[in-house]
Amino acid sequence: MIKITFPDGTQREYNDGITGLEIAEQISPRLAKEVYAATVNGELRDLTRPIDNDATLKLHKWEDEEAKHAFWHSSAHLMAEALEAVFPGMKFGIGPAIENGFYYDVDPGEGKVITEADLLIVENKMKELASKNLTYTRRNVSKKEALEVFEAKGDEYKTELISELLDGTISLYSQGNFTDLCRGPHLPSTEPMKAIKLLSIAGAYWRGDEKRRMLTRIYGITFPKQKLLDEYLVFLEEAKKRDHRKIGRELELFTFSQNVGMGLPLWMPKGSDIRQNLINFLTGVLRKRGYKIVTTPHIGNVNLYKTSGHFEKYGADSFQPISTPQEGEQFMLKPMNCPHHCEIYNATPHSYKELPLRMAEFGTVYRYEQHGELHGLTRVRSFTQDDAHHFCRHDQLRAEFKSIIELILYVFKVMNFDNFSAQVSLRDPNNKQKYIGTDENWEKAERDIIEAAAEMNLKTTVVEGEAAFYGPKLDFMVKDAIGRKWQLGTIQVDYNLPERFELTYNGSDNQKHRPVMIHRTIFGSMERFVAVLIENTSGKFPLWLAPEKAVILPISEKFNDYAAKVLEILNNSDICTLIDERSEKIGKKIRDNELKRIPYLLIIGEKEVENETIAVRKQGEGDQGSMKIEEFVDFINSEIKKEIAF
RNA sequence: GCCAGAGUAGCUCAGGGGUAGAGCACUUCCUUGGUAAGGAAGGGGUCGGGGGUUCAAUUCCCCCCUCCGGCUCCA
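Residues numbered from 1 in each chain as written. Chains lettered and ligands numbered in written order. Predicted model: local features only at pLDDT ≥ 70, side-chain atom pairs only at ≥ 80, totals over all residues. Heavy atoms only, no water.

Chemist: Explain the sheet that holds strand E35 (residues 622–628) to me, using residue names and the numbers behind them.
Modeler: One open sheet accounts for 5 strands, arranged E32-E31-E33-E34-E35; its pairing is mixed. Pairing within the sheet leaves two strands with one partner each, and these edge strands are strand E32 (577–579) and E35. Neighbour to neighbour, the strand axes of the sheet diverge by 30° on average, direction disregarded. Two elements, strand E31 (residues 550–554) and strand E33 (residues 600–604), share 5 bridges in a ladder whose sense is parallel. Note on E33: the bridge partner recorded for valine 551 is leucine 601. Here helix H17 (residues 560–572) sits on the sheet in contact with E31, E32, E33 and strand E34 (613–618), set at roughly 165° to E32. Sheet strands touched by helix H20 (residues 629–644): E31, E33, E34 and E35. Its angle to E35, the strand with the most contacts, is close to 120°. (Pairing = 2+ DSSP bridges. Helix = DSSP H or I, 4+ residues; strand = E, 2+ residues; numbered from the N terminus. Axes fitted to C-alpha atoms, helices over the stretch in contact; angles between N-to-C directions. Contact = heavy atoms within 4.5 Å.)

Chemist: Outline the environment of lysine 125, listing residues and values.
Modeler: With respect to the element layout, lysine 125 can be found in helix H4 (residues 116–130). Through-space distance from the C-alpha of lysine 125 to that of proline 185 is 23 Å; in sequence the pair is 60 residues apart. Residues in contact with lysine 125, not counting those within four places in the same chain, are Ala82, Ala85 and Val86.

Chemist: Residues and numbers for the sheet that holds strand E18 (residues 292–293), please.
Modeler: Reading across from one edge, E18-E22-E23-E30-E27-E26-E24-E25 is the order of the 8 strands in this open sheet, with mixed pairing throughout. Every other strand in the sheet has two partners, leaving E18 and strand E25 (460–464) as the edge strands with one partner each. With 5 bridges connecting them, strand E24 (residues 421–426) and strand E26 (residues 473–479) associate as antiparallel partners. Bridging from a neighbouring strand, valine 424 pairs with leucine 474 of E26.

Chemist: Tell me about the protein's contact with RNA strand B, residues and numbers included.
Modeler: The full set close to RNA strand B counts 55 residues, and Tyr205, Met336, His371, Glu373 and Ile555 are the nearest of them. Counting only atoms of RNA strand B within 4 Å of the protein, the fraction found in sugar and phosphate groups is 47%. The separation between a sugar or linking oxygen of RNA strand B and a polar side-chain atom of glutamate 210 is 3.3 Å. Lysine 607 has a polar backbone atom sitting 2.9 Å from a base oxygen of RNA strand B. Of all elements in the fold, only strand E14 (195–205), strand E15 (214–223), helix H8 (244–250), helix H11 (310–314), helix H18 (586–595), helix H19 (606–611) and E34 reach the threshold of two or more residues within the surface near RNA strand B. Element by element, the count of residues in the surface near RNA strand B is highest for H18, at 6 residues. (Near = heavy atom within 4 Å. Polar contact = N/O pair within 3.5 Å; in protein donor to acceptor, adjacent residues only side chain to side chain.)

Chemist: Tell me about the domain arrangement of chain A, and please be specific about residues and values.
Modeler: For chain A, the domain assignment lists domain 1 (2–61), domain 2 (66–239), domain 3 (269–299 + 335–537) and domain 4 (550–644). Look at where the C-alpha atoms of domain 1 and domain 3 centre, and you get two points 48 Å apart. (Domains from an automatic or database assignment.)

Chemist: Please set out a negative patch on the surface residue by residue, giving values where relevant.
Modeler: A cluster of acidic residues, Glu13, Asp16, Asp52 and Asp54, forms a negative patch on the protein surface. If you trace the backbone, aspartate 16 turns up in the loop between strand E2 (11–14) and strand E3 (18–19). (Patch = residues over 30% accessible without salt bridge, like charges linked within 9 Å, V, L, I, M, F, W, Y side chains within 5 Å. Areas by Shrake-Rupley, 256 points an atom, 1.4 Å probe, with all protein chains shown as cover. Salt bridge = Lys/Arg side-chain N within 4 Å of Asp/Glu carboxyl O. Lys, Arg positive; Asp, Glu negative; His and termini not counted. Charge placed at Lys NZ, Arg CZ, Asp CG, Glu CD.)

Chemist: Now, about the packing of helix H13 (residues 397–414) against helix H14 (residues 439–455): what can you tell me, with residues and values included?
Modeler: Remark: H13 packs on H14, axes separated minimally by 9 Å, with the N-to-C direction vectors making an angle of 55°. Taken together, H13 and H14 sit at an angle that is classed as oblique. The two elements H13 and H14 cross, and the hand of that crossing is right-handed. Across the interface between the two elements, Leu397, Arg398, Phe401, Lys402 and Ile405 of H13 pack against Asp448, Ile449, Glu451, Ala452, Ala453 and Glu455 of H14. (Parallel < 35°, antiparallel > 145°, perpendicular 65-115°, else oblique. Left-handed = near helix turned anticlockwise from the far one by under 90°.)

Chemist: Tell me what's going on with the pairing of strand E27 (residues 485–494), and back it up with residues and numbers.
Modeler: E27 sits mainly inside the fold: 8 of its 10 residues count as buried. Bridge count between E26 and E27: 6 bridges; the pairing is antiparallel. In the strand pairing of E27, methionine 477 is matched with glutamine 487. Hairpin connection, E26 to E27: the antiparallel pair is bridged by 5 residues, and glycine 483 has positive phi, about 95°. Pairing analysis gives 5 bridges linking E27 to strand E30 (residues 516–525), with the strands arranged antiparallel. Its bridge partner being in E30, threonine 490 is matched across the sheet by threonine 521. (Buried < 20%, exposed > 50% of the residue type's maximum accessible area, 1.4 Å probe, protein only.)

Chemist: A description of the packing of aromatic side chains should follow, citing residues and the corresponding values.
Modeler: One pass over the full model with this rule turns up 29 aromatic pairs. Plain terms: the ring middles of tyrosine 157 and tryptophan 206 are 5.0 Å apart, the flat faces sit at 75° to each other, and that makes the pair edge-to-face. With tyrosine 157 in helix H6 (residues 156–163) and tryptophan 206 in the loop between E14 and E15, this residue pair connects regions lying 49 residues apart in the sequence. We note that tyrosine 157, like tryptophan 206, is buried. Among the aromatic residues, those joined into a ring-pair cluster are Tyr36, Trp62, Phe71, Trp72, Phe223, Tyr232 and Phe235. The ring of tyrosine 103 carries the charged tip of arginine 217 above its face, separated from the ring centre by 3.7 Å. Just above the ring of phenylalanine 311 sits the side chain of lysine 306; from NZ or CZ to the centre is 5.2 Å. (Phe/Tyr/Trp six-rings, centres within 6.5 Å; stacked < 30°, edge-to-face > 60°. Lys NZ or Arg CZ within 6 Å of the ring centre and 35° of its normal.)

In structure tokens:
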């Protein structure tokens, strides 16, 4: 007999070799139908794998990520079987579960392509196979045997993967007519896969290496109930409506023109107002926190970037330098603000007493992004960073770093961004030549970041190989409407630029010392930030950011004179207000202006003219009753104050 | 840059080898109204660009551009 301990602490005895599924069945047949995987002694496993010793056991239902993972991983195998049935000779790369569903990278063979039209055929085949309730079986094999299986099949991708595995750790999973190299775990059978949908098709380099063959990646998702799939598809539809590119066009916030060039955003008046509201807000915050605002040119001498190291690292992948016509001096479009800021630092001598020095700029930079990368406002070739550089003494670094974390959290709170994640990005320990600087400085900088984040109780994930070439960083990521993660704020420790630019300060010992630099942004770029803001709010901006605060809707043209008077008062009170004088009925005017997401609709008719009031209607919430004009001005101002006071 | 798909009016989209379509938006007129779509008329297109096939191409073929979904990249 073995003793099984459940998550609530209760213990029960079972026969040796009992499976998680059998335990679930003994608890209740219904539970057995709802569990998809088990964690045994902390290890995620198949439900059908025997348990031989005393163990802790957690059974995973759909709500658990572990269950979804097994469900979708098994679905990827099912898709592979269907692909093999529909396209004989198909070769298989990798096919993992992902956050929402699964994919499989496949090679249909030389000259053959899989198109979107094929997805339905494969999907139907999957449904047919799933309805057969195929069971998943696990088999441990030797490396030799594993290689033989896939060599026989002619699947060079699998043999490449196996050749890198350790003998004794290799398992194969089979269902129906399909066998795959896989660590598992998997569902007991295809029986729970009630709803299946293949979503899209894309190219993906084998092993993420652009020098290797491009495979065809097929994305899909499955659910235990049709209703869940329907809900997911509705979610995707709703997300599309929040796409900042769509809302940006509808609300006339920004545009792109082929005549200007791809990836070069044109801010229209309303978008520009939002952008300016953000800049004004942040400038106020920065001044309170001791930042000095600077302004630098959009170009800089090539030598500046040779000094910084950016030219060596990115020169070939940048907009190429422009030259002066007579001297042939070369200038680059500014890809970064930091070298300019270093030069400002160097323009005057510095005492240890004046550090930390915090230098901020809303600096527009230009980077050549590959054309397939461009994406609305989130990935562009010209963008304005809310950039700042902190020059500090080593003994100030930790406190300075922490104060920036605090600042970012504050700004995100004002913005109502509560679903961000924080990522510590370290250098790739196996690929150190990608980075500049000494091991000692890197180790110090990485330790500084990890410890500062810990001291701020910031929950982070740590990713190796994601650091900037000159230093490690702490990134703040926010998701867009359909769950893609974008980096907004970033804090980067840099010991290298101070060396390269020979930055110094006079210490209390009257000797020259090297300061350390922190690069940081909060919004990241105005472009990306506005994009994420649009998707978070569906274009219903908070009052303080809204480019237009109110619109006056006269019930008929008879009231236009009074409306004009109200308009003048509000605009003179700095409340940007419009007027809708069309000869439309009030219902139509309300609808049209609600769709424009204007925060307040002010309705004016006979009653309002008589009483010198306005009937206030709040966007999305309806009639708020009437107010005197001055009352409304005070009301708006106090609402705005509330929104940005924390 | 790579793989796949798309591009028709300002927007959303239908169509299809032989005179270019709808809804919304826009202009004018009628209507002057009380909290999410009043009515009528009208203007607007080199069907992304360039080649080719054809008596005839927006439609079929080729090349390019841009956009969309991914991959790679992201100072």
